Amino acid sequence: MEKENLEKNFEEVRNQVTSKFQPYSHYRESAWQSLTGRWNDAALTMLIAVALVLAMYIIPIIIAACGLPGLAAAFYSLGTLAAVLLAVPVLWSFSIALLNMVRGEKAAFFNATVDDFKANYMRTVPTAFVVSLITMVASALTLGIGGVYFGIAYSMVPFLMHDHKDLTLIDAMKASRNLMDGHKMDLLMLLITFIGWFILGSITCGIAYLWIQPYIYTTLAHFYEEIKAGVKIEVKK
């Protein structure tokens, strides 16, 4: 009898958990379908982006091994700066390439990423810096809670800036907050469904993230496409 009660309770808990996450599965299913046949293209683009950043840190190690620690320290500082100035803009451009794929474009991810990077770099860098700074400071002051909140609130900034070329930094951040009003918990729950994939990425020493990150970006693109429907974005002239 006790065993039967335990099994019944477990089944009830499982059903409750499943019912809570079920509404978010269609975003992931749509993303999976969008990437079908293009997984390796996405992973290769992700690999190039990661290699670009890693190279900035490998160079100082090589220089230090040659007996030039002072020069290595200088290159390490430059590497950190390059990571900020290159990594985030490249990943933002990659997310835009995936958004365009969701909308039916067939361009190669690498070419689409490079084109967006070159066209929007000067808009992307200051916006990415401010958003990242706010998120990091909020996270440090609130033991991570504020970082999650602002990270979600400003998560749609890259997509909004792509769709509305006249949006300023402040306007884009405000538009993202307005767009995410009433959807923050939805996005948080959606991201929680990726926990299993995050674990897979960890046990493969990050290799699986070459496929996982495009999967997440594509899921976010589908999420954006749905929540923006019928929402008017105000652009100051």
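This one's a predicted model, so the numbers in the text were calculated from it and none came from an experiment.

## Some details on the overall build of the protein
Across its full length, the protein carries eleven helices and zero strands. Secondary structure of the protein in N-to-C order comes out as α-α-α-α-α-α-α-α-α-α-α. Within the protein, the proportion of its 237 residues that are buried is 38%. Contacts in the protein between residues at least 24 apart in sequence constitute 72% of all its contacts with a sequence separation of at least 6. Approximately 13,700 Å² of the protein is accessible, and the part contributed by carbon and sulfur atoms is 68%.

## Let's talk about the layout of surface pockets
Taken as a whole, the largest pocket encloses approximately 790 Å³ of empty space. Considering the residues around the largest pocket, the lining is formed by 20 residues, among which Trp92, Gly151, Ser155, Tyr217 and Leu220 are closest to the centre. When contributions to the lining of the largest pocket are tallied by element, the ones reaching two or more residues are helix 4 (69–102), helix 5 (109–141), helix 6 (145–153), helix 7 (157–163), helix 9 (184–192) and helix 11 (209–227). Split by residue class, the lining of the largest pocket holds 14 nonpolar, six polar and no charged.

## Re the side chain of Asn100
With respect to the element layout, Asn100 can be found in helix 4. According to the relative accessible area criterion, Asn100 is buried, its value standing at 13%.

## So, empty space enclosed by the protein
Space left empty within the atom packing is revealed by a probe, the size of a water molecule, rolled over the atoms. Applying the stated criterion across every chain yields a total of two cavities of 30 Å³ or more. In this structure, the largest cavity encloses a volume near 110 Å³. Forming the walls of the largest cavity are Trp92, Ser93, Ile96, Asp116, Asn120, Arg123, Thr124, Pro158, Met161 and His162. Residue assignment for the lining of the largest cavity shows that the elements contributing at least two residues are helix 4, helix 5 and helix 7.

## Here's the deal with the pattern of salt bridges
On inspection of all chains with the given rule, the structure shows four salt bridges. Taking the shortest distance from any N to any O, the salt bridge between Asp41 and Arg38 comes out at 3.3 Å. What makes Asp41 partly exposed here is its relative accessible area of 24%. A relative accessible area of 16% means that Arg38 is categorised as buried. For Lys228, the salt bridge is made with Glu225, and the minimal N-O distance between the two is 3.8 Å. Here Lys228 falls in the partly exposed class, since its relative accessible area comes to 28%. Taking the relative accessible area as the measure of exposure, Glu225 reaches 24% and is therefore partly exposed.

## Overview of the packing of aromatic side chains
This model, assessed by the stated rule, comprises 14 aromatic pairs. Between Phe117 and Tyr121, the aromatic rings sit 5.0 Å apart at their centres with planes inclined by 55°, giving tilted as the arrangement. Taken together, the residues Phe117 and Tyr121, both in helix 5 and four residues apart, mark about one turn of the helix. For Tyr121, a relative accessible area of 23% puts it in the partly exposed group. The lysine or arginine in question, Arg28, covers the ring of Phe194, its NZ or CZ lying 4.9 Å from the ring centre. Its guanidinium or amino end placed over the ring of Phe109, Arg38 lies 4.0 Å from that ring's centre, counting from NZ or CZ.

## With respect to unusual backbone geometry
Peptide bonds are mostly trans, and most non-glycine residues show a negative phi. Despite not being glycine, Leu143 has its phi angle at roughly 55°, a positive value. Along the chain, the position of Leu143 falls in the loop between helix 5 and helix 6. Residue classification places Leu143 among the exposed positions, given a relative accessible area of 84%. We note that Cys205 has phi near 60°; this positive angle belongs to a residue other than glycine. Considering the arrangement of structural elements, one finds Cys205 in the loop between helix 10 (195–203) and helix 11. Taking the relative accessible area as the measure of exposure, Cys205 reaches 72% and is therefore exposed.

## A look at the packing of helix 6 against helix 9
For the pair helix 6 and helix 9, interaxial distance at closest approach is 10 Å and the crossing angle is 105°. In terms of orientation, helix 6 and helix 9 fall into the roughly perpendicular class. Here Val148, Tyr149, Ile152 and Ala153 of helix 6 lie close against helix 9, whose contacting residues are Lys184, Leu187 and Leu188. When its residues are assigned to classes, the contact of helix 6 with helix 9 shows six nonpolar, no polar and one charged.

Rules and cut-offs
Residues numbered from 1 in each chain as written. Predicted model: local features only at pLDDT ≥ 70, side-chain atom pairs only at ≥ 80, totals over all residues. Heavy atoms only, no water. Helix = DSSP H or I, 4+ residues; strand = E, 2+ residues; numbered from the N terminus. Buried < 20%, exposed > 50% of the residue type's maximum accessible area, 1.4 Å probe, protein only. Contact = heavy atoms within 4.5 Å. Areas by Shrake-Rupley, 256 points an atom, 1.4 Å probe, with all protein chains shown as cover. 1 Å grid on protein atoms, 1.4 Å probe; cavity = no way out; pocket = protein on both sides within 12 Å on 5 of 7 lines; lining within 4 Å. Points joined across faces, edges and corners; volume = space filled by probe spheres on them. Nonpolar A, V, L, I, M, F, W, Y, C, P; charged D, E, K, R; others polar. Salt bridge = Lys/Arg side-chain N within 4 Å of Asp/Glu carboxyl O. Phe/Tyr/Trp six-rings, centres within 6.5 Å; stacked < 30°, edge-to-face > 60°. Lys NZ or Arg CZ within 6 Å of the ring centre and 35° of its normal. Axes fitted to C-alpha atoms, helices over the stretch in contact; angles between N-to-C directions. Parallel < 35°, antiparallel > 145°, perpendicular 65-115°, else oblique.

The quantities given are spatial measurements derived from coordinates; they are silent on function.
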